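Chains, contacts and geometry: an overview
Listed below, chain by chain, are the residues.
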Amino acid sequence: MTSNNILLIVLLRTLAKSYVILLVLVVCILFQGRIVRADFVVAESTFDTDLDGWTSNNLGETSWQSAGGNPDGYLRFTDLTADLANGFATAPSKFLGDWSSLDGLGRVEWDESLIDTGENVDSFGAPTLIISGPGGRAVWIGTAPTGSTTWEAFSVPISESSWEVDSGGNWNALLSSVTEFRIQLEHVLQSPGATGMKDILGLDNVRLIQVPEPHSGLLILACVAGILACRSILDG
Ligand SMILES: [Ca+2]
Ligand SMILES: [Ca+2]
């Protein structure tokens, strides 16, 4: 074998190694998305068989419906008082407790439909979440509807920048012990003295979601192991 041939073989082997290493890196990057985005459900209510332990500050206006949700059963709020601040749904215990691991990595999801605005609409109120506990109280406020809606999906990050923490409260302390979680059910204020039909809202698919922290250390180790294995094979 001539020296030129030996040089060519060395060059080709080096190029092959480079391509293999590049291929391994590309595979690692593609799989990183799967590893990082493995969300899981901490707690869930689909209301498909009953109210699933949800209560309300006004049970007389809250009922379970077996059909018409998104899909199937849902929690239905039928306003009787016209008072915008009157209707909240209160979560069962499976949604409560230590939310610390969700901080910056979790979210609250739910679907709602303003089935009917009712008559004599004075104004609309925004979708609102409230969490509270020994550490204080925090509120998330969305965008007020402007009329009846079909089922809409909401997703709120569990991160301090998305919520308003009441004066005297502490975000980390609050998350360490969430003892109450409420979702506002009433988004329509009827005109004072109005006697007509009032607003109706549907609530479905409430979920507390956790996004695990990226396993970057494991991913790097796997990539290094893959590269070393490929080099070992090519080196023969
Ligand atoms: Ca449902
Ligand atoms: Ca109302």
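So, how was this worked out
Residues numbered from 1 in each chain as written. Chains lettered and ligands numbered in written order. Predicted model: local features only at pLDDT ≥ 70, side-chain atom pairs only at ≥ 80, totals over all residues. Pairing = 2+ DSSP bridges. Helix = DSSP H or I, 4+ residues; strand = E, 2+ residues; numbered from the N terminus. Buried ≥ 20, exposed ≤ 12 C-beta atoms within 10 Å, placed from the backbone.

Looking up the protein chain in an unreviewed UniProt entry gives the name PEP-CTERM protein-sorting domain-containing protein, with the organism given as Bythopirellula goksoeyrii.

All right, on to the sheet that holds strand 12 (residues 180-184) then. Pairing in this open sheet of six strands is antiparallel, and the strands run 2-5-12-8-9-11 from one edge to the other. Edge strands, defined here as strands with exactly one partner in the open sheet, are strand 2 (55-56) and strand 11 (164-165). Inspection of the sheet shows strand 2 paired to strand 5 (residues 88-90) by two bridges, in the antiparallel sense. Within strand 5, the position partnered with Thr55 by the bridge is Thr90.

A few words now on unusual backbone geometry. Put simply, Asn70 and Pro71 share a cis peptide bond, and its omega is 0 degrees. Structurally, Pro71 can be placed in the loop between strand 3 (62-65) and strand 4 (74-78). Of note in the backbone geometry, Asp52 takes a positive phi value of approximately 55 degrees without being a glycine. Mapped onto the fold, Asp52 is located in the loop between strand 1 (40-45) and strand 2. With phi around 60 degrees, Asp72 is a residue other than glycine that occupies positive phi space. Within the fold, Asp72 resides in the loop between strand 3 and strand 4. Classification of Asp72 by C-beta neighbours within 10 Å gives partly exposed; the count is 14.

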